[in-house]
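# A look at the structure
If you want the building blocks of each chain, they are given just below.
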2 protein chains.
Amino acid sequence: MDPSRLQSHVSHPTAENEQDNNHPLINRRIQRLTLHLNPTEAPPPPSSNQQLQLLTCAARGKLNVSTPHLSMYMRGKYRNEQQKVYDFFESRPDLQTPVEISKDEHRELCMRQLLAMVREGGIRPFKYVVEEPGRYFAIAEAAGILDVSFGVKLGVQYSLWGGSVLNLGTKKHRDKYFNGIDSVEYPGCFAMTELHHGSNVQGLETVATFDLLTDEFVIDTPHDGAIKWWIGNAAVHGKFATVFAKLMLPTHDTKGVTDMGVHAFIVPIRDMTTHETLPGVEIQDCGHKVGLNGVDNGALRFRSVRIPRNNLLNRFGDVSRDGKYTSSLPTISKRFAATLGELVGGRVGLAYSSVGILKIAVTIAIRYALLRQQFGPPKQAEISILDYQSHQHKLMPMLASTYAFHFATTNLVAKYSEMKKTQDEELVADVHALSAGLKAYVTTYTAKSLSTCREACGGHGYAAVNRFGSLRNDHDIFQTFEGDNTVLLQQVAADLLKQYQKKFQGGTLAVTWNYLRESMSTYMSQPNPVTSRWEGEDHLRDSTFQLDAFRYRTSRLLHSAAMRLQKHTKTLGSFGAWNRCLNHLLTLAESHIESVILETFIKAVKNCPDPSSRAALKLVCDLYAMDRIWNDIGTYRNVDYVAPNKAKAIHKLTEYLSFQVRNVARELVDAFDIPDFVIRAPIGKQTPVEVYSEYRQHIGF
Amino acid sequence: MDPSRLQSHVSHPTAENEQDNNHPLINRRIQRLTLHLNPTEAPPPPSSNQQLQLLTCAARGKLNVSTPHLSMYMRGKYRNEQQKVYDFFESRPDLQTPVEISKDEHRELCMRQLLAMVREGGIRPFKYVVEEPGRYFAIAEAAGILDVSFGVKLGVQYSLWGGSVLNLGTKKHRDKYFNGIDSVEYPGCFAMTELHHGSNVQGLETVATFDLLTDEFVIDTPHDGAIKWWIGNAAVHGKFATVFAKLMLPTHDTKGVTDMGVHAFIVPIRDMTTHETLPGVEIQDCGHKVGLNGVDNGALRFRSVRIPRNNLLNRFGDVSRDGKYTSSLPTISKRFAATLGELVGGRVGLAYSSVGILKIAVTIAIRYALLRQQFGPPKQAEISILDYQSHQHKLMPMLASTYAFHFATTNLVAKYSEMKKTQDEELVADVHALSAGLKAYVTTYTAKSLSTCREACGGHGYAAVNRFGSLRNDHDIFQTFEGDNTVLLQQVAADLLKQYQKKFQGGTLAVTWNYLRESMSTYMSQPNPVTSRWEGEDHLRDSTFQLDAFRYRTSRLLHSAAMRLQKHTKTLGSFGAWNRCLNHLLTLAESHIESVILETFIKAVKNCPDPSSRAALKLVCDLYAMDRIWNDIGTYRNVDYVAPNKAKAIHKLTEYLSFQVRNVARELVDAFDIPDFVIRAPIGKQTPVEVYSEYRQHIGF
């Protein structure tokens, strides 16, 4: 390896860059950001020498990245909102979560964090849940980056409990509960999951029977398998719970009641004054968890708990005084879909927050890898571990994926906000499948990456103060809650198959699926493309080729899955056929999500106004594309979409691009613009005054 | 999926099986085991009906596994030794680690566990460290399965601190320290790692300067980067430390001292009576860690600490009263290699214990997957989640790998014990490379699997009581300590390349490498085998084909790595060339380790005396082989070792074998023979009285 290539370049805005942002406001902004990002030095005036260097670097295939410009492009609409959260907590060290804390203390601390932010900091996210979801998600992400438990505690209060009232209830509920939820006078729970039923929500067994005599619902846990389990805010703080239960209406036939399907009910669980558990409600503490111990998950059993009829969240279905059921939706399954559909915001938020956590971990791991030196050429100084090919292989595609996910989830949030405004039916379907897919894909990737980051930081990554432990443990459940990832990917696959059928029936495709029309036709007419032996860097880095490769894979998987399902359904029935093809279907869903991510990334590269940032993003995007193609090279080879020489070229290019990205890795993580106060890990801060010193001081040396 | 195939079979020893073990002692043993494993029912007498069932099942490709027979074969030589440990701790609930415990309490508890086991339980593992390592590892594994911190605490005392005295010292050290170490009167540390140097042990900077006037060594930390860091037993309990430092001898030239390389010294760090830190020694607490918080890791700084000359552990190098250096080994690097070579036992122990942890996790995840039901065919009962193809895909290859690793590490322990006895040079080289490779490969695999198991158990996997959190957090560092996995794999690759050169120079190959001679020749003469299109199940399940595939891959990677290194060395130098090929070299090392694991597994299948167990092991071994080949199908396809039709057949067979293994999954995990008291997780015990009941009771319902 050419040692001269191993040096990274400290970059500053150059004259060339400045020309692209000649608005004085933007320039001032960038200058401030530069100072923020490089506090020890103001940006030097651009010199002809630097311009020369830029050209030389470009000629040698290196990049000179302007972190402030890139950061400006990345920070998004609500970054200031997040800064407010950071500023408030930076001013309140008493609210910072310590490295070691017991479960009980952590629960109290998270509640204090929430109350302080809302009541003292004046940051009140509740109204944004419906009105401006992007702003809400930004606040929730910032809270989660400070302490994932705090982020989830906030999410339980506002998105789950509060969101169920706003989205499933009607005006009367909003009037009665809005202020109490907003100010956390009414801390609440979202009681859906039961001991025996998580993913299969339609299988819930808790019942709410209407009592005509008293105009009340009677909530009952019919057996211990139906105990509400894992209910956040229930063990300690909750006063209310939105309880999901089968609505039973009295009938005059021999059965006595009719099951109207799962509905949501507001059930008070603790006394507003004494905080004592109300009669008929039994609450137990779910106890210590792998992570998120700042959230008080509890289990709830109901023994004939009576609530007024008005406590039914009646947006999609109502019961009149005389026990008649009314709904604008014709069937149980449509009402069920509408009810669950309103909860999709949780998935959007999780995907988005997961990327925030990934950014923190990637930042710490890369900064440490630049700092840490171990071994080196004989009789020379040791080299940074990020100069090892193996370390680049671990971290650079991960950095590229983080960028890819950043744009994908930002785009999802924008779509979701648009959907909340317009309620456009096509957009609703699009957001549903996209949020399921991105939540599953991103959280699985982040979970794996958190382990890789810890391992990449060796022993020092094992110090709790460097955060990988708590980040991993807290994030872990992102793969499970708000929809198990394996189940969510199946929803994506099912949706793709529906779209596939539509295509052959001439219908319109959902927005995100649109690419399938063209790529499916291409694939069907030309399964072995002429490009299968092309191996030039220009070709491989051409986004047309990259998108085509991703889409070809999805189209092929979709076509073959449809064929296989058709074949097996004849003998195994639809459930058996689905199960027989399940691995295939999951791969299909992942492939589709990757196609969507790449497409969004390519657009983001094109839209970037600053040329140096655009070049950096293009490099990162190419690495993302190559890494993903190489990751499933077996499939591409098997169908001869890629010939052996091309496969080899893709592998070589992946390594080369990892090396190139390594050369601007510092700038790329700086551009995430996460303040040192938020990073916290001594080995991961932006500008260590002296190598290791803060980390050493942390233990007392 | 044919529903009749979804039922698992409860198996009992049949007449046919009994015939193979007709020794009365063995039969009694099996009967006892059967009772132990199925406490509710005694083995029924074999009936002709059962024999018929066995035949029918066999004809349909299903297996009837006798758990007791299989367990007998698996349990190994020292299982009774482990039972003693389990029995002692089962009788002492006061010593069981609770689900939630603070760092400080955990440290004290681990020390109490160790002292109680040794002094009250009479289980004293120290003498086995050298005399009978297999017995030592079995005790350490049992301790680690009870609480990984306890296992590591024990390992620090006996294998690291004690082992350094026995292996690097001479008779005088043994005489002086043996009893104190054995009884834990002398708790000690192993002070090798420094803040700036972990993997690069030769780069350690602590110095031990010989003072001719006082006949002492003076231990010094020259700067803060050389502070000893992560030293287990140092923060609280240690009285002594084996300190690794550069031995400096006075000379009469202008430099004043000569660096004789890294040596080990016994340094008292705390007063034997008052337990106060001794003068010149500064100790800080490394604080809270991601896991293993029962071990008190500390940091040590030395300020001219004087120790008698006798405290040099002088097996490989000594200093006389007049300051002359003597050694049977000629160079610094040879002495360094000999010193580190003695520490290889730690790696053997880690690989072995890692499999123990993997067994626990796999057992819990599989038993839960059999228990948990979610969704099902329309209007039918829900099915077990292990009946989903995706779930089989997650857990069945993992179960197969666990079996594979069981035999691989058992074999490693046997080789290591043999090596300790014979000191045979070839065996030494073999054990060194094999222990490095297996430690790296197995601990990486286990770390990933622990996350997968948690995820596979959904929300209930997130309850701390179900253990995935602590197992993962505690095990995590297995990838780093006793040699970073990436560094260890490079040692394996380097060794392979040395062997490769030898081959072409006509020398002998180390035992484990022997296969390379033949497969390299085959590969060189016939790069595209005629079998590349063979896709029959008989062929794919033929262990000759499987071994050939694994070895072909290793040989090809080895040959191409050698060529590439040669080419790049000319322009980049040897360090640069190595780095340029690093990903390739790591893949080579992993491929080799997989070849060794498969070879050991195939032998273990052949050697199994009981036919039903042998059939089960063969099935599991085939799944292991197919899964690994499929895992790198891109490489096999690229070199056309496998044609597209064969690749497809391998994939199909992997899914089919996963399904087959699922049908005997319960028996296969039962055969690990881990008592419920050791499993502890309510969702993972062998015989839940009522589904979920213990788990429910755990939180108070």
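Residues numbered from 1 in each chain as written. Chains lettered and ligands numbered in written order. Predicted model: local features only at pLDDT ≥ 70, side-chain atom pairs only at ≥ 80, totals over all residues. Heavy atoms only, no water.

If you look chain A up in an unreviewed UniProt entry, it shows as Acyl-coenzyme A oxidase from Daucus carota subsp. sativus. Comment text from UniProt for chain A, heading Subcellular location (unreviewed entry), reads "Peroxisome". On record in UniProt, under Sequence similarities (unreviewed entry), the comment for chain A is "Belongs to the acyl-CoA oxidase family." (UniProt positions renumbered as here; feature names shortened; annotations may be inferred.)

### Some words on the overall build of chain A
Check the secondary structure of chain A and you find 26 helices and 11 strands. For chain A, restricting intrachain contacts to residue pairs at least 6 apart in sequence, the fraction spanning at least 24 positions comes to 75%. Looking at chain A as shown, the accessible area adds up to about 25,900 Å², and 53% of this sits on carbon and sulfur atoms. (Helix = DSSP H or I, 4+ residues; strand = E, 2+ residues; numbered from the N terminus. Contact = heavy atoms within 4.5 Å. Areas by Shrake-Rupley, 256 points an atom, 1.4 Å probe, with all protein chains shown as cover.)

### Focus on the interface of chain B and chain A
Counting from both sides, the interface comprises 90 residues of chain B and, opposite them, 89 residues of chain A. The largest contributions to the chain B side of the interface with chain A come from Y462, F575 and F701 of chain B, which together make up 11% of the buried area. Linking chain B with chain A are eight salt bridges. We note a salt bridge from R472 of chain A to D476 of chain B, for which the minimum N-O separation is 2.8 Å. The leading source of residues in the side of chain B that touches chain A is helix α19 (residues 543-580) of chain B, at six residues. (Buried area = accessible area lost by both parts, 1.4 Å probe. Salt bridge = Lys/Arg side-chain N within 4 Å of Asp/Glu carboxyl O.)

### Quick look at the nonpolar core
Among the nonpolar cores identified, the biggest contains 198 residues, and Y158, I366, L395, L399, Y403 and F601 of chain A are the most heavily contacted of them. If you tally residues by element for this core, the top one is helix α12 (residues 344-371) of chain A, at 18 residues. Setting aside residues up to four positions removed in sequence, Y403 of chain A forms contacts with L70, M74, F601, L617, V620, L668, A671 and F672 of chain A. By size, the runner-up hydrophobic cluster in this structure holds 197 residues, among which are Y177, F178, A361 and L558 of chain B. (Core = buried A, V, L, I, M, F, W, Y, C linked by side-chain atoms within 4.5 Å. Buried < 20%, exposed > 50% of the residue type's maximum accessible area, 1.4 Å probe, protein only.)

### Description of the packing of helix α14 (residues 425-456) of chain A against helix α15 (residues 468-475) of chain A
Residues and elements named next belong to chain A. Packing of α14 against α15 brings their axes to within 10 Å, and their N-to-C directions diverge by 160 degrees. In this view, α14 runs roughly antiparallel relative to α15, as classed from their interaxial angle. Of the two elements, α14 crosses α15, and the hand of that crossing is left-handed. On α15, the residues touching T443, T446, A447, L450, S451, C453 and R454 of α14 are F468, L471, R472 and H475. Residues belonging to the contact of α14 with α15 are distributed by class as follows: five nonpolar, four polar and two charged. (Axes fitted to C-alpha atoms, helices over the stretch in contact; angles between N-to-C directions. Parallel < 35°, antiparallel > 145°, perpendicular 65-115°, else oblique. Left-handed = near helix turned anticlockwise from the far one by under 90°. Nonpolar A, V, L, I, M, F, W, Y, C, P; charged D, E, K, R; others polar.)

### A short note on the domain arrangement of chain A
Residue and element names in this part refer to chain A. For chain A, the domain assignment lists domain 1 (190-339) and domain 2 (345-676). Here domain 1 and domain 2 have C-alpha centroids that lie 38 Å from each other. Counting residues at the interface gives four residues for domain 1, matched by seven residues for domain 2. Around 430 Å² of area is buried between domain 1 and domain 2 when both sides are counted, 58% of it from carbon and sulfur atoms. Interface area lost by domain 1 to domain 2 is led by S199, V290 and L292, which between them contribute 81%. Between the two partners, domain 1 and domain 2, sit zero salt bridges. Summed over the shared surface of domain 1 and domain 2, the number is one residue pair in polar contact (both at pLDDT 80 or more). For the side of domain 1 that touches domain 2, a count of residues per class yields two nonpolar, two polar and no charged. (Domains from an automatic or database assignment. Polar contact = N/O pair within 3.5 Å; in protein donor to acceptor, adjacent residues only side chain to side chain.)

### Details of the packing of aromatic side chains
Taken as a whole and assessed by the stated rule, the structure comprises 56 aromatic pairs over all chains. Seen in terms of ring centroids, Y403 of chain A and F672 of chain A are 5.1 Å apart; in terms of plane orientation they differ by 35 degrees. Their pairing is tilted. Of this pair, Y403 of chain A sits in helix α13 (residues 389-422) while F672 of chain A is found in the loop between α24 (665-670) and α25 (676-679), placing the two residues 269 residues apart along the sequence. Judged by centre distance (5.3 Å) and plane angle (65 degrees), the ring pair of F89 of chain B and F150 of chain B falls under edge-to-face. With a gap of 61 residues between them, F89 of chain B in helix α5 (residues 79-90) and F150 of chain B in helix α9 (residues 148-168) connect regions that are remote in the sequence. Neither residue differs from the other here; F89 of chain B and F150 of chain B are each classed as buried. (Phe/Tyr/Trp six-rings, centres within 6.5 Å; stacked < 30°, edge-to-face > 60°.)

### A short note on the side chain of S66 of chain B
Residue and element names in this part refer to chain B. You can see S66 is positioned in the loop between α3 (48-59) and α4 (67-75). Overall, S66 belongs to the buried group, its relative accessible area being 0%. Within polar-contact distance, the side chain of S66 engages the side chain of H69 at 2.6 Å.

### Let's talk about the UniProt feature "active site" (unreviewed entry) in chain A
UniProt annotation of "active site" (unreviewed entry) refers to E482 of chain A when read in the numbering used here. In contact with E482 of chain A, other than residues within four places in its own chain, are L160, L343, G346, R347, L350, K439 and L488 of chain A.

### Some remarks on the environment of F407 of chain A
Locating F407 of chain A in the fold gives a position in helix α13. Spatially, the C-alpha atoms of F407 of chain A and T600 of chain A are 6.5 Å apart, while their sequence positions differ by 193 residues.

### Thoughts on the relation of the copies chain B and chain A
When chain B is brought onto chain A, the operation consists of a screw motion whose angular component is 180 degrees and whose axial shift is 0.0 Å, with 0.0 Å RMSD remaining. What the superposition gives is, in effect, a two-fold axis relating one chain to the other. Minimal C-alpha separation from the rotation axis in chain B is found for G634 of chain B, amounting to 1.9 Å. (Least-squares fit on C-alpha atoms with pLDDT ≥ 70 in both.)

### Section: a negative patch on the surface
Negative charge collects at one region of the surface, where E418, D424, E425 and E426 of chain A lie side by side. Considering the arrangement of structural elements, one finds E418 of chain A in helix α13. (Patch = residues over 30% accessible without salt bridge, like charges linked within 9 Å, V, L, I, M, F, W, Y side chains within 5 Å. Lys, Arg positive; Asp, Glu negative; His and termini not counted. Charge placed at Lys NZ, Arg CZ, Asp CG, Glu CD.)

### Some words on helix α13 (residues 389-422) of chain B
Residues and elements named next belong to chain B. With 34 residues, α13 extends 49 Å between its outermost C-alpha atoms, agreeing within 8% with the 50 Å of an ideal straight helix rising 1.5 Å per residue. Judged by how many residues are buried, α13 sits mostly within the fold: 26 of 34 residues are covered. Looking one or two places after α13, you find Q423, whose phi comes out positive at around 55 degrees. (Expected span 1.5 Å × (residues − 1).)

### Quick notes on the sheet that holds strand β8 (residues 298-302) of chain A
All names here are of chain A. Taken in spatial order, the three strands make up an open sheet running β4-β8-β7, and their pairing is antiparallel. The open sheet terminates on both sides in strands that have one partner only, identified here as β4 (228-231) and β7 (281-285). Each adjacent strand pair in this sheet contributes to an overall mean axis angle of 25 degrees, direction not counted. With five bridges joining them, β7 and β8 adopt antiparallel strand pairing. In the sheet register, I283 faces β8, and the bridge partner there is L300. (Pairing = 2+ DSSP bridges.)

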